[in-house]
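Secondary and tertiary structure notes
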Amino acid sequence: TPAWSGEFKEIKPVFEWNNHCGIVTATYNPVLKRYFMCITDGHRQVTSRKKYTSYILESEALTGPWNIVAHMVDFGPQAYFLNIPSKFISDDGNTMWLCYSANYMEGTRRNDPRFIASTTPPGSAYSLSLHEFMVTRPGNP
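Residues numbered from 1 in each chain as written. Predicted model: local features only at pLDDT ≥ 70, side-chain atom pairs only at ≥ 80, totals over all residues. Heavy atoms only, no water.

A short note on unusual backbone geometry
Applied cut-off: Counting from the N terminus, the helices are DSSP H or I runs at least four residues long and the strands are E runs at least two residues long.
In this model, Gly76 is joined to Pro77 through a cis peptide bond whose omega is 10°. For the bond from Thr120 to Pro121, the omega torsion is 0°, close enough to zero to count as cis. By the element assignment, Pro121 lies in the loop between α1 (113-117) and β7 (129-134). Phi at Asp74 takes a positive value of approximately 55°, unusual for a residue other than glycine. The residue Asp74 is located in the loop between β4 (67-72) and β5 (80-83) in this model. Positive phi, close to 55°, is recorded for Phe81, a residue that is not glycine.

Okay, structure coming up:
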């Protein structure tokens, strides 16, 4: 159970997954009445060329419970600071944009068009990367 407090020793997380939580953002989609949380697992070694795994969760409340709706292995492949800008949520709530940067450890090829075309998803670069996606739900394929 999450606990909000001004005292660090009293707080409790709203979501835990050992060794899989790094950079976290959350956005509220008022039409769907859902929070969407984006998380990247990250790494500890600055010189690592490790690929990152990112995932998106959804919940009716910021305090959860949270459900994984997308698990993206080797996303970017080094995507970080994933977020869903609330300004770019469609009027019906079903279309959103995922914003992130990626590939900062790829040196001179990190913005090479041939390399960017081979990333997952294509277009992931060491710059502002925007990718439109649609939410599918039962009864709304």
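So, next bit.
Re the sheet that holds strand β3 (residues 54-59)
Cut-off, in case you're wondering: A pair of strands is treated as paired once DSSP finds two or more bridges between them. Lines fitted to C-alpha atoms define the axes, with helix axes restricted to the stretch in contact, and inter-axis angles between N-to-C directions lie between 0 and 180 degrees.
An order of β1-β2-β3-β4 is seen for the four strands of this open sheet, with the pairing classed as antiparallel. Two strands close off the open sheet at either side, each with one partner strand: β1 (23-29) and β4. Adjacent strand axes in the sheet meet at a mean angle of 20° when their direction is disregarded. Bridging between β1 and strand β2 (residues 34-40) involves seven bridges; their strand directions are antiparallel. Bridge pairing in β2 links Asn29 to Arg34.

Examining the side chain of Ser54
The test is simple: Classification of residues uses two cut-offs on accessible area relative to the type maximum, computed with a 1.4 Å probe and protein chains only: under 20% is buried, over 50% is exposed, and between them is partly exposed. In the analysis that follows, any N or O atom pair within 3.5 Å is treated as a polar contact, provided that within protein one partner can donate a hydrogen and the other can accept it, and provided that, for residues neighboring in sequence, both atoms belong to side chains. Two residues form a contact once any of their heavy atoms are found within 4.5 Å.
Among the secondary structure elements, Ser54 is positioned in strand β3. With a relative accessible area of 0%, Ser54 lands in the buried category. Engagement of the side chain of Ser54 in a polar contact is seen with the side chain of Thr40, the distance being 3.1 Å. Discounting residues that sit within four places of it in the chain, Ser54 has contacts with Ile39, Thr40, Ala70, His71, Met72, Phe75, Ala79 and Leu82.

Quick look at the sheet that holds β7
If you walk across this open sheet you meet the three strands as β5-β6-β7, and the pairing is antiparallel. Edge strands, defined here as strands with exactly one partner in the open sheet, are β5 and β7. Adjacent strand axes in the sheet meet at a mean angle of 20°, parallel and antiparallel pairs treated alike. Looking at chain direction, strand β6 (residues 95-101) and β7 are connected through six bridges and run antiparallel. Looking across to β7, one finds that Met96 is bridged to Phe133.

Quick notes on the environment of Phe88
Tracing the sequence through the fold places Phe88 in the loop between β5 and β6. On a C-alpha basis, the gap between Phe88 and Cys99 in space is 9.9 Å, while along the polypeptide they are 11 residues apart. Ignoring any residue separated from it by four or fewer positions in sequence, one finds Phe88 in contact with Thr95, Met96 and Trp97.

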